[in-house]
Amino acid sequence: MQLTAEIIARHIGGEVEGCGDVSVSNFAKIEDATPGTITFLANPKYTHHIYSTKASIVLVRRDFIAEEPVSATLIRVDDPYSALAALMEVAAKVLRPSHEGIEDGSFIAEGVEIPEGCYVGAFSYIAKGAVIGKNVKIYPQVYIGEGVVIGDDTIIYPGVKIYYGCRIGKRCMLHSGAVIGADGFGFAPDANGVFHKIEQLGIVEIDDDVEIGANTTVDRSTMGRTYISRGVKLDNLIQVAHNVEIGHDTVMASQVGIAGSTKIGSNCMIGGQTGFAGHISVGNHVSIGAQSGIAKSVPDGSRMMGTPAMPMGDYARMVAARKHLAELMRRIDSLEKKLNEKK
Amino acid sequence: MQLTAEIIARHIGGEVEGCGDVSVSNFAKIEDATPGTITFLANPKYTHHIYSTKASIVLVRRDFIAEEPVSATLIRVDDPYSALAALMEVAAKVLRPSHEGIEDGSFIAEGVEIPEGCYVGAFSYIAKGAVIGKNVKIYPQVYIGEGVVIGDDTIIYPGVKIYYGCRIGKRCMLHSGAVIGADGFGFAPDANGVFHKIEQLGIVEIDDDVEIGANTTVDRSTMGRTYISRGVKLDNLIQVAHNVEIGHDTVMASQVGIAGSTKIGSNCMIGGQTGFAGHISVGNHVSIGAQSGIAKSVPDGSRMMGTPAMPMGDYARMVAARKHLAELMRRIDSLEKKLNEKK
Amino acid sequence: MQLTAEIIARHIGGEVEGCGDVSVSNFAKIEDATPGTITFLANPKYTHHIYSTKASIVLVRRDFIAEEPVSATLIRVDDPYSALAALMEVAAKVLRPSHEGIEDGSFIAEGVEIPEGCYVGAFSYIAKGAVIGKNVKIYPQVYIGEGVVIGDDTIIYPGVKIYYGCRIGKRCMLHSGAVIGADGFGFAPDANGVFHKIEQLGIVEIDDDVEIGANTTVDRSTMGRTYISRGVKLDNLIQVAHNVEIGHDTVMASQVGIAGSTKIGSNCMIGGQTGFAGHISVGNHVSIGAQSGIAKSVPDGSRMMGTPAMPMGDYARMVAARKHLAELMRRIDSLEKKLNEKK
């Protein structure tokens, strides 16, 4: 795949500045690009790299003003990252291995139908009663339990495990090691402090267009369902406990943990390693900074940070003040001394 | 399975209030129950749902007083959650898929005996010298290394990996993606800062009635054993490092991390995302709040929270005071100014 | 394997004190050693155990002075832990199961060559174009995607998943459940708040002598590579996001999370559960305490702790002062009162 700057600019609605005939065959990060690659500049932190990059083409904002000479051909667009993403989507279809058909060595229970366009990799196990949509790609070593439903065009990467009865929507992507529908963590202690298991008889239901990261775990509910709405994107190593509900178009960075029965709203952005207590409710359009601890319910539109979390402005002030804590102690000592001297 | 309120009440020692003939066939959460389901009310946070629930039957405490009309039939019991749990245990036997026998496509090394009542799923691997108890259920894609011992009635869900030499007790449950017996993290740096591996020659030993969550990792010890005692319940994505010991009937929420050689006592309750430093000792009956950092040993009966952890009361006071930090700074500024003016 | 104290001392350059004829056949921790085992004393916290240990031989520092009688034979060495490690390395070759050859039930794509000395376990999948080095050990249930390159002498434990195009160096060790090369977490929101996937077309490249812990995830880059340099050791359940780079000989304890495009230097030591923001740069020889939050770039040689992180000395002072926060508030109240009274 060799494409010229002119052809690319036409495809993404951009404006060429420099040689339009230069051609590229791959993508690169601006700081380690080589000739023959295309890159982009969106984050101002990286601006200085544009003067030294070896990339042949750089996508920049329409209002970008070079303060030094730039040797690469520029393509000016409204949103360089989106423009690059559009190009990458085309490229992905060519570059990424594609699969179809049923490989020898897979286990498909009697009565399960594998529709056209599907892939079932070797050593994958599909239990009885499972319903597999069209064009579903099931990589090797996947486990799909009894009665699981997988929507059309969903991709399930190697080693994903889906327990019985769970439901996965259309156009979802589940990365390796994700575990969907393991038992929720429910135990009741007896008088001797011995914990007895509460059976977890519910399911996990994942709506359309959801992406689940590698080694993320979503537990089945005690009863009813643990529910992940349309368009949610979960990064790697996240814990979603039983009976949790996550609203549509919410994204969470890696290693977030959500305790049981908590409801997270739609269009939220959750920073990595954040923890949510159980049985709370988080509104829509909420932003939460990394490593926060959300112990109480949070209304729509909140921007929270810290453990326990507080509004982001308060957090910033608290952190700034905290640096002076040791100094504050000395100042109070000194104030007390002075005041006593005056007596 | 259709059961009437009268039959259920008799089974769990409850008292019917309302129509005893109403029947149910499934469980539901009180807030999204449908007719034909049974639910429960234990957490006071959910009390308001009882007046609008569509459930046919609700289990409530004996002393529950309705403040508005309730359309569901009530069954009064000492402990609604336990009563429901007892019902669910019966239902689980009917609802959950059960397995027996050896599926084609599993690998069982020569000389390994699979006793009566066992299940070995396809693509599971049992290495030589492994000893498998009665009624052990080994789901597909499980790895059981050389000489591993699995006690009677233990359930090992798809994709669990158990390295050579480890020992698992009776009636344990290991969820998908759990890794038992990977090498402990032991390296010694040389004069050039290059780290050399310390061989990890010990094992993991897990006692009876232990549940290990999805994608939780328990490392083998350098020598001797990493030991998890009877009745311990570990949630998902927990890290148990080499040589750690956990006392009986201790429960840990997800994403807890325990560094090497630390000993945790019995009957402890550990909140999610808590971290323990290495080589420390935590007493029995200790409660630790979520996201805490336990850097030092902690005596029996402690209730700790925060990073670094402090007694829960101190933590609450610290958090309350911390909110006023920026204000405190201003007050000190003002005090100093006033005092100087008085000079 | 029965070895006397004399033979062991000669092998590790140590000096015997006590009976040189006593022999051992296994290793043990000092506190639960049994007769016939060898142990070591390095951490002063454990010194008291040497007076009661049942081990037959204890490795101690050359300058160790017993304050009570010791019944075990001592072997004095410069560094007891290193000396033990050297002995364990020998023992590991005897004790640990070794494997060679291709087991029935593995899937090796046409054209992939498996060189001498390799092991390919049952239910492992090697896709087309993969290049496998000499003496590579691929345990059961491993997935190796299209075009993946594995260097000589690397060990890949059961259930590891490596996506297409990734490159693993020589003498690496990847533990069960590690996922290498899953898609980086890249999405761009549209005007309606719907997130669209940014294709992740790069790879993961892991250099020689790297160890990756159980269930750790290393995401493929958007373009270019996510890069882990020579000698890096990552513990379990760590998240390495897309485009991250980690310098040589850096070690990280479990549950660390590194957000996208961050660069970590060489020879760093990172405590467990630490989180790094994206797009920052951490210098060489940096030490970071457990559970820290690194929100900004950090220069060479820094020693940081806390969230957000500060120099370790400042952190210690802040923590010490923080304990007195509630008291400080009372003291300020009292100062204000006194000052007002004086007016």
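What you are looking at is a predicted structure, and each value in this text was computed from that prediction instead of being measured.

Undergrad: Talk me through the environment of C:Ser266; I want residue IDs and the actual numbers.
TA: All names here are of chain C. Looking at the secondary structure, you find serine 266 in the loop between β32 (263-264) and β33 (269-270). In sequence terms serine 266 and threonine 37 are 229 residues apart; their C-alpha atoms lie 38 Å from each other. Those residues in contact with serine 266 that sit more than four places away from it in its chain are Gly247, His248, Thr250, Gly283, Asn284 and His285.

Undergrad: Can you tell me about the relation of the copies chain B and chain C, naming the residues and giving the values?
TA: Expressed as a screw transformation, the operator carrying chain B onto chain C has a rotation angle of 120 degrees and an axial translation of 0.0 Å, and the superposed copies differ by an RMSD of 0.1 Å. In symmetry terms, the pair is related by a three-fold rotation axis. Scanning chain B for the C-alpha nearest the rotation axis identifies B:Phe123, at a separation of 3.6 Å. Comparing interface residues between copies, only 19% of those in chain B also lie at the interface in chain C; the contact surfaces differ.

Undergrad: Explain the relation of the copies chain C and chain A to me, using residue names and the numbers behind them.
TA: After a rotation of 120 degrees and a shift along the axis of 0.0 Å, chain C superposes on chain A with an RMSD of 0.1 Å. Taken as a fraction of all interface residues of chain C, those also at the interface in chain A reach only 19%, which identifies the copy contact as different-surface.

Undergrad: Just give me the short version of the interface of chain B and chain C, but keep the residues and values in it.
TA: Contacts between the two partners involve 70 residues from chain B, matched on the other side by 65 residues from chain C. Summed over both partners, the interface of chain B with chain C comes to about 5400 Å²; 62% of that surface belongs to carbon and sulfur atoms. Summed over the three residues of chain B that lose the most area to chain C, namely B:Phe185, B:Phe195 and B:Met223, the buried surface amounts to 13% of that side. Scanning the region where chain B abuts chain C turns up six salt bridges.

Undergrad: So what about the sheet that holds strand β23 (residues 203-206) of chain C? Which residues, and what values?
TA: Residue and element names in this part refer to chain C. Taken in spatial order, the eight strands make up an open sheet running β12-β15-β18-β23-β26-β29-β32-β35, and their pairing is parallel. In the strand order of this sheet, the two ends are held by β12 (131-132) and β35 (281-282), each with one partner. Note that β32 and β35 share two bridges and pair parallel. Within the sheet, the bridge partner assigned to lysine 263 lies in β35 and is serine 281.

Undergrad: Please provide a residue-by-residue account of the side chain of C:Glu103, values included.
TA: As for its placement among the helices and strands, C:Glu103 is situated in the loop between β8 (101-102) and β9 (107-108). The side chain of C:Glu103 is buried and forms no salt bridge, while B:Lys128, the nearest opposite charge, is found at 8.7 Å. Among the polar contacts made by the side chain of C:Glu103, one reaches the main-chain amide nitrogen of C:Ala122 at a distance of 3.0 Å. Those residues within four positions of C:Glu103 in sequence are excluded, and the remaining contacts are B:Phe107, B:Tyr125, C:Tyr119, C:Val120, C:Gly121, C:Ala122 and C:Pro140.

Undergrad: I'd love a proper account of the sheet that holds strand β35 (residues 281-282) of chain B, names of residues and values included.
TA: Taken in spatial order, the eight strands of this open sheet run β12-β15-β18-β23-β26-β29-β32-β35 (chain B), and their pairing is parallel. The open sheet has two free edges, formed respectively by β12 (131-132) and β35 of chain B, since each of these has just one partner strand.

Undergrad: Which residues make up empty space enclosed by the protein, and what values do they have?
TA: According to the stated counting rule, one finds nine cavities of 30 Å³ or more in the structure shown. For the lining of the largest cavity, the elements supplying multiple residues, two or more each, are α3 (312-322) of chain A, α3 (312-322) of chain B together with α3 (312-322) of chain C. Taken together, the residues of the lining of the largest cavity sort by class into 15 nonpolar, 16 polar and three charged. Estimated volume of the second largest cavity: approximately 140 Å³. Looking at the second largest cavity, it is lined by 16 residues, and the ones nearest its centre are A:Gly159, A:Gly177, B:Gly159, C:Gly159 and C:Gly177. Within the lining of the second largest cavity, the residues separate by chemical class into three nonpolar, 10 polar and three charged.

Undergrad: Explain the interface of chain C and chain A to me, and be specific about the residues and the numbers.
TA: The partner chain A presents 65 residues to the 70 residues of chain C that form the contact. Surface buried jointly by chain C and chain A totals about 5400 Å² across both partners, of which 62% is contributed by carbon and sulfur atoms. When the buried area of chain C at its contact with chain A is split by residue, C:Phe185, C:Phe195 and C:Met223 rank highest and sum to 13% of it. Counting every contact that joins chain C to chain A gives six salt bridges. Note that C:Arg331 and A:Glu336 form a salt bridge whose closest N and O atoms lie 2.7 Å from each other. Inspection of the region where chain C meets chain A yields 31 residue pairs in polar contact (both at pLDDT 80 or more). Sorting the residues of the side of chain C that touches chain A by element identifies β20 (179-182), β22 (195-197), β25 (217-219), α3 and α4 (325-342) of chain C as the ones contributing at least two each. Here the side of chain C that touches chain A gets eight residues from one element, more than from any other, and that element is α4(C). Classifying every residue of the side of chain C that touches chain A by side-chain character gives 29 nonpolar, 27 polar and 14 charged.

Undergrad: Mind laying out the packing of aromatic side chains, listing which residues take part and the relevant values?
TA: The final tally for this structure, using the stated rule, is 27 aromatic pairs over all chains. Ring geometry for C:Tyr139 versus C:Tyr157: centroids 4.9 Å apart, planes at 35 degrees, classification tilted. Here C:Tyr157 lies in the loop between β16 (155-156) and β17 (161-162) and C:Tyr139 lies in the loop between β13 (137-138) and β14 (143-144), a separation of 18 residues in the sequence. Accessibility expressed as a relative area gives 5% for C:Tyr157, which makes it buried. In this arrangement the basic side chain of B:Arg220 is found over the ring face of B:Tyr164, its NZ or CZ atom lying 4.0 Å from the centre.

Undergrad: Please provide a residue-by-residue account of unusual backbone geometry, values included.
TA: Of the consecutive residues A:Thr307 and A:Pro308, the connecting peptide bond is found in the cis state with omega at -15 degrees. Mapped onto the fold, A:Pro308 is located in the loop between β38 (303-305) and β39 (310-311). One non-glycine residue, A:His279, lies in positive phi territory at about 60 degrees. Position of A:His279 among the secondary structure elements: in the loop between β34 (275-276) and β35 (281-282). On the basis of relative accessibility, which here comes to 33%, the residue A:His279 falls in the partly exposed class. A positive phi angle, close to 65 degrees, is found at C:Asp153, a residue other than glycine. Here C:Asp153 is to be found in the loop between β15 (149-150) and β16.

Thresholds applied
Residues numbered from 1 in each chain as written. Chains lettered and ligands numbered in written order. Predicted model: local features only at pLDDT ≥ 70, side-chain atom pairs only at ≥ 80, totals over all residues. Heavy atoms only, no water. Helix = DSSP H or I, 4+ residues; strand = E, 2+ residues; numbered from the N terminus. Contact = heavy atoms within 4.5 Å. Least-squares fit on C-alpha atoms with pLDDT ≥ 70 in both. Buried area = accessible area lost by both parts, 1.4 Å probe. Salt bridge = Lys/Arg side-chain N within 4 Å of Asp/Glu carboxyl O. Pairing = 2+ DSSP bridges. Buried < 20%, exposed > 50% of the residue type's maximum accessible area, 1.4 Å probe, protein only. Lys, Arg positive; Asp, Glu negative; His and termini not counted. Polar contact = N/O pair within 3.5 Å; in protein donor to acceptor, adjacent residues only side chain to side chain. 1 Å grid on protein atoms, 1.4 Å probe; cavity = no way out; pocket = protein on both sides within 12 Å on 5 of 7 lines; lining within 4 Å. Points joined across faces, edges and corners; volume = space filled by probe spheres on them. Nonpolar A, V, L, I, M, F, W, Y, C, P; charged D, E, K, R; others polar. Phe/Tyr/Trp six-rings, centres within 6.5 Å; stacked < 30°, edge-to-face > 60°. Lys NZ or Arg CZ within 6 Å of the ring centre and 35° of its normal.

Such coordinate-based values are descriptive only and should not be taken to indicate function.
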